[in-house]
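Observations on chain architecture
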Amino acid sequence: MYRSRGHVFASVTPTDYISEDRLSADLHYNIVEGPEVRVGEIIVRGNEITRSRLILDRITLRPGELFTPERASASQRALIDLGIFTTVSIGLADPEVPLETKDVIVEVVERRPQFLEARVGFSTADGPRGELRYGFINIGGLALGIEMRLRLSYQVFFLGTPAYERFVTDLD
């Protein structure tokens, strides 16, 4: 509850008091809120192709606003949904030091920008078939992509109307 209100360093320490006859106990919680943490600078790391501006535009955290784990998670999901990163992590710089203003580190690992995929298969409708796909993602560091696909098949079994009628007639 405290963390969702910006108290990222809140701590709760339970203390129990047991009666001498051991028939009752009291449990007390000592809650230390810690400071409300505001976002300082947002530092983007790991992007070799992707423009930092694109990353900063997608995250919901802004300098001067409260830092909450929910907003960090939403920002992480928004970056993963772009489809150009294999890993995204968002956290506070020096996470053990409780300060009112903390820099936020956005660490990304980019997917390979190009892919080549080959598939082969067989079906009664298409016969043997092959497919070759080539794509390029993150064109210009803007999360734009292009894909080309070549598909070849050869229909081995062709049951046109005359062949079907001959087959059915032969069964009678």
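Throughout what follows, the structure given in this document is the object of discussion. (Residues numbered from 1 in each chain as written. Predicted model: local features only at pLDDT ≥ 70, side-chain atom pairs only at ≥ 80, totals over all residues. Heavy atoms only, no water.)

1. A few points about the overall build of the protein
Looking only at helices and strands, the protein features three helices and eight strands. The helix and strand sequence of the protein, counted from the amino end, reads β-β-β-α-α-β-β-β-β-β-α. For the protein, the C-alpha radius of gyration of 30 Å lies well beyond 16 Å, the compact-globule estimate for 172 residues. A burial count over the protein gives 24% of its 172 residues as buried. Carbon and sulfur atoms provide 54% of the accessible area of the protein, an area that totals close to 12100 Å². (Helix = DSSP H or I, 4+ residues; strand = E, 2+ residues; numbered from the N terminus. Rg over C-alpha atoms; globule rule 2.2 N^0.38 Å. Buried < 20%, exposed > 50% of the residue type's maximum accessible area, 1.4 Å probe, protein only. Areas by Shrake-Rupley, 256 points an atom, 1.4 Å probe, with all protein chains shown as cover.)

2. Some words on the sheet that holds strand β6 (residues 114-123)
One open sheet holds the three strands; their spatial order is β6-β7-β8, and the pairing between them is antiparallel. The outermost strands of the open sheet, each flanked by one partner alone, are β6 and β8 (144-153). Averaged over all pairs of adjacent strands, the angle between strand axes in this sheet comes to 15°, irrespective of strand direction. Here nine bridges tie strand β7 (residues 127-139) to β8, and the two strands are oriented antiparallel to one another. (Pairing = 2+ DSSP bridges. Axes fitted to C-alpha atoms, helices over the stretch in contact; angles between N-to-C directions.)

3. Here's the deal with the nonpolar core
L61, F67, L79, I90, V104 and V106 are the most contacted members of the largest nonpolar core, which has 22 residues in total. Listing elements by their share of this core, those giving two or more residues are β3 (38-45), α1 (52-58), α2 (69-80), β4 (85-92) and β5 (101-110). Sorting elements by how many residues they give to this core places β4 first, with four residues. In contact with L61, other than residues within four places in its own chain, are V39, I42, F67, R71, A72, S75, I90 and V104. (Core = buried A, V, L, I, M, F, W, Y, C linked by side-chain atoms within 4.5 Å. Contact = heavy atoms within 4.5 Å.)

4. A look at the side chain of N47
Along the chain, the position of N47 falls in the loop between β3 and α1. Here N47 falls in the buried class, since its relative accessible area comes to 18%. At a separation of 2.9 Å, a polar atom in the side chain of N47 contacts the main-chain carbonyl oxygen of T50. At 3.0 Å, the side chain of N47 forms a polar contact with the side chain of S52. Among all residues touching N47, those that are not within four sequence positions of it are S52, I55, V108 and E110. (Polar contact = N/O pair within 3.5 Å; in protein donor to acceptor, adjacent residues only side chain to side chain.)

5. Some thoughts on the pattern of salt bridges
All told, the structure shown has seven salt bridges when counted by the stated rule. The residue E36 makes a salt bridge to R38 at a minimum N-O spacing of 3.8 Å. Given a relative accessible area of 35%, E36 falls into the partly exposed group. One salt bridge connects E65 with R71, and the closest N-O pair in it is separated by 2.6 Å. One network of salt bridges, in which partners are shared, links E117, R119, R133 and E147. (Salt bridge = Lys/Arg side-chain N within 4 Å of Asp/Glu carboxyl O.)

6. Some thoughts on the side chain of T50
When you line up the elements, T50 lands in the loop between β3 and α1. At 2.7 Å, the side chain of T50 and the side chain of E110 are in polar contact. Once residues lying within four places of it in the same chain are set aside, the contact partners of T50 are I55, I84, F85, E110, N138 and G141.

7. With respect to α2
Taking 1.5 Å per residue, 12 residues should reach 16 Å; α2 reaches 16 Å between its end C-alpha atoms and fits that length. Residues A72, S75 and L79 constitute the buried set of α2. Buried residues of α2, seen end-on, are gathered within an arc of 65° and therefore sit on one face of the element. The inward-facing, buried residues of α2 contact α1, β4 and β5. (Expected span 1.5 Å × (residues − 1). Arc of directions from axis to C-beta.)

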